[in-house]
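Each chain is listed here by its residues.
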Amino acid sequence: MTLEFAAVLRSRGFAVQLTVAAGETVAVLGPNGAGKSTLLGVIAGLIRPDSGRARLNERVLFDLGERGGGRWSRPHQRGVSLLAQDALLFPHLSALDNVAFGPRSAGVPRAESDSRARAWLERVDAVDLAGRKPAQLSGGQAQRIAVARALASEPDLLLLDEPMAALDVSVAPALRRMLRDVLRDRSAIIVTHDVLDAFTLADRVVVLEGGRIVDAGPTRHVLERPSTTFAAGLAGLNRLAGTADTESVVTDAGDRLRVRFTEPVAPGVRVAVAVRPALVAIAVEAPASDDPATNVVAGHVIDLETRGDLVRVRSGTLAADVTPGRVADLDVALGTEVWFSFRAEDALAYPQ
Ligand SMILES: Nc1ncnc2c1ncn2[C@@H]1O[C@H](COP(=O)(O)OP(=O)(O)OP(=O)(O)O)[C@@H](O)[C@H]1O
């Protein structure tokens, strides 16, 4: 066990319990204001909760009673490193000195601190930047140095707050590859808005909403069988909530769907149905076919959004990705009544 954490901060509606196992990377996803930064701040010792306790290996990070008071260790005593969106390097120090700062402050002799810093610069592929000041670094380069600095103090837990968010899309892939390398076998929590980060960097995902964990589990499981509309949106899936019937699902909107159940489900059990927008077709007249293997759901278009070379046509409950030509041929616009259709085998139903 690495981190065992439970904390309540009433003013922010925050109440979270979380564990991170040794060597595990956990991705924290959630909408704006969900409490993701608050979680990292409390673990790092920058924000004091009203109550709760947390241990990192043998270390007590805090142990606060209901009435305040109790134990509270300072940020630098926690064995935690926080990597923010912006590199936040010391502007007057060279890249090497920035990286060596942590070990030096911890009392490691200068020569040893410098050679550690050099080793970390090598690890993040930035040895040639050692002598530069932060003002002479690009955003991506500065973030590499910040990763090296965060790791040079050999933290037991690394916290990353959207480390790719401030970077140009062209440099994000290289940084992501580097992070995948340094996060392997390391205990870390990464806050991200990007499902690609969750898939490539994390073993497990927790979804925060309104200061609470609303979903958690292995990355693939959470994102392929989302139990919240938010997680479904991140994963780019339609999610319809409903109740299982024999061999079908009745959605909360009253549509009966033929689906593929991931496991046997008794009638009456609450389920969610996930469908990829790319597997949903649209028509502007009710399809005549009575094919029992095809589901048809009516709706009014509330949004049209260009995504790459397709257009996402959205009603209040479903989205379909179709070609611009199809949208033009059908003369689809906001408010148009459309019929969405998708095959039973493409509709995955799972218990909630
Ligand atoms: N300094 C603060 N003082 C009081 N309340 C705050 C403060 N910072 C954030 N909050 C509130 O706490 C809640 C959680 O905010 P937090 O910044 O942790 O969310 P987040 O998930 O990191 O959001 P984002 O993705 O926008 O960064 C929100 O309701 C927010 O308004």
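Residues numbered from 1 in each chain as written. Predicted model: local features only at pLDDT ≥ 70, side-chain atom pairs only at ≥ 80, totals over all residues.

An unreviewed UniProt entry lists the protein chain under the name ABC transporter ATP-binding protein, with Herbiconiux daphne given as the organism.

**Looking at helix α1 (residues 36-44)**
Among the nine residues in α1, seven count as buried, and that is most of the element. Looking only at α1, the buried set comprises K36, T38, L39, L40, G41, V42 and I43. Once α1 finishes, G45 follows within two positions and takes phi at roughly 90°, a positive value. (Buried ≥ 20, exposed ≤ 12 C-beta atoms within 10 Å, placed from the backbone. Helix = DSSP H or I, 4+ residues; strand = E, 2+ residues; numbered from the N terminus.)

**Details of the sheet that holds strand β12 (residues 238-245)**
Pairing is mixed across the open sheet formed by six strands, whose spatial order is β14-β13-β12-β16-β23-β15. Either end of the sheet is taken by a strand with one partner, and the two such strands are β14 (256-258) and β15 (260-261). By the bridge criterion, four bridges tie strand β16 (residues 270-275) to strand β23 (residues 348-351) in an arrangement that is antiparallel. Of the residues in β23, the one forming a bridge with V273 is A349. (Pairing = 2+ DSSP bridges.)

**Points about the site of the ligand**
Around the ligand sit S11, R12, G30, N32, G33, A34, G35, K36, S37 and T38, and that is every residue in its neighbourhood. Taken together, the residues of the shell around the ligand sort by class into one nonpolar, seven polar and two charged. (Near = placed C-beta within 6 Å. Nonpolar A, V, L, I, M, F, W, Y, C, P; charged D, E, K, R; others polar.)

**A look at the sheet that holds strand β20 (residues 310-314)**
Strand pairing in a sheet relies on backbone hydrogen bonds, with the paired strands running either antiparallel or parallel. The three strands are arranged β19-β20-β21 in an open sheet whose pairing can be described as antiparallel. Of all the strands in the sheet, the pair left with one neighbour each is β19 (303-307) and β21 (319-322). If you compare each strand with its neighbour and ignore which way they point, the axes differ by 20° on average. Strand direction decides the pairing type here: β20 and β21, joined by four bridges, are antiparallel. When the sheet's bridge partners are listed, R314 is paired in β21 with A319. (Axes fitted to C-alpha atoms, helices over the stretch in contact; angles between N-to-C directions.)

**Remarks on the environment of L179**
Within the secondary structure, L179 sits in helix α5 (residues 172-183). For the pair formed by L179 and A235, sequence separation is 56 residues and the distance between their alpha carbons is 21 Å. Residues within four places of L179 in sequence aside, it is in contact with P163 and L201. (Contact = placed C-beta atoms within 7 Å.)

**Quick notes on the domain arrangement of the protein chain**
Taken domain by domain, the protein chain comprises domain 1 (3-224) and domain 2 (236-281 + 291-351). A separation of 38 Å is found between the C-alpha centroids of domain 1 and domain 2. (Domains from an automatic or database assignment.)

**Topic: the packing of helix α4 (residues 139-152) against α5**
Packed helix pairs are specified by the crossing angle of their axes together with the interaxial distance, meaning the distance between the axes. Two elements in contact, α4 and α5, have axes separated by 11 Å at closest approach and are oriented at 10°. Between α4 and α5, the angle is such that the two are roughly parallel. Of the residues in α5, those in contact with G140, Q143, R144, V147 and L151 of α4 are L175, M178 and V182. Each residue belonging to the contact of α4 with α5 can be placed in one class, and the counts come to five nonpolar, two polar and one charged. (Parallel < 35°, antiparallel > 145°, perpendicular 65-115°, else oblique.)

**Concerning the confidence of the model for the protein chain**
Low-pLDDT portions of the prediction should not be read for the details of their coordinates. For the protein chain, per-residue confidence averages 92 on the pLDDT scale, and residues scoring 70 or more make up 99% of the total. Reported confidences for the modelled complex are a pTM of 0.83 and an ipTM of 0.94. (pLDDT = per-residue confidence, 0-100.)

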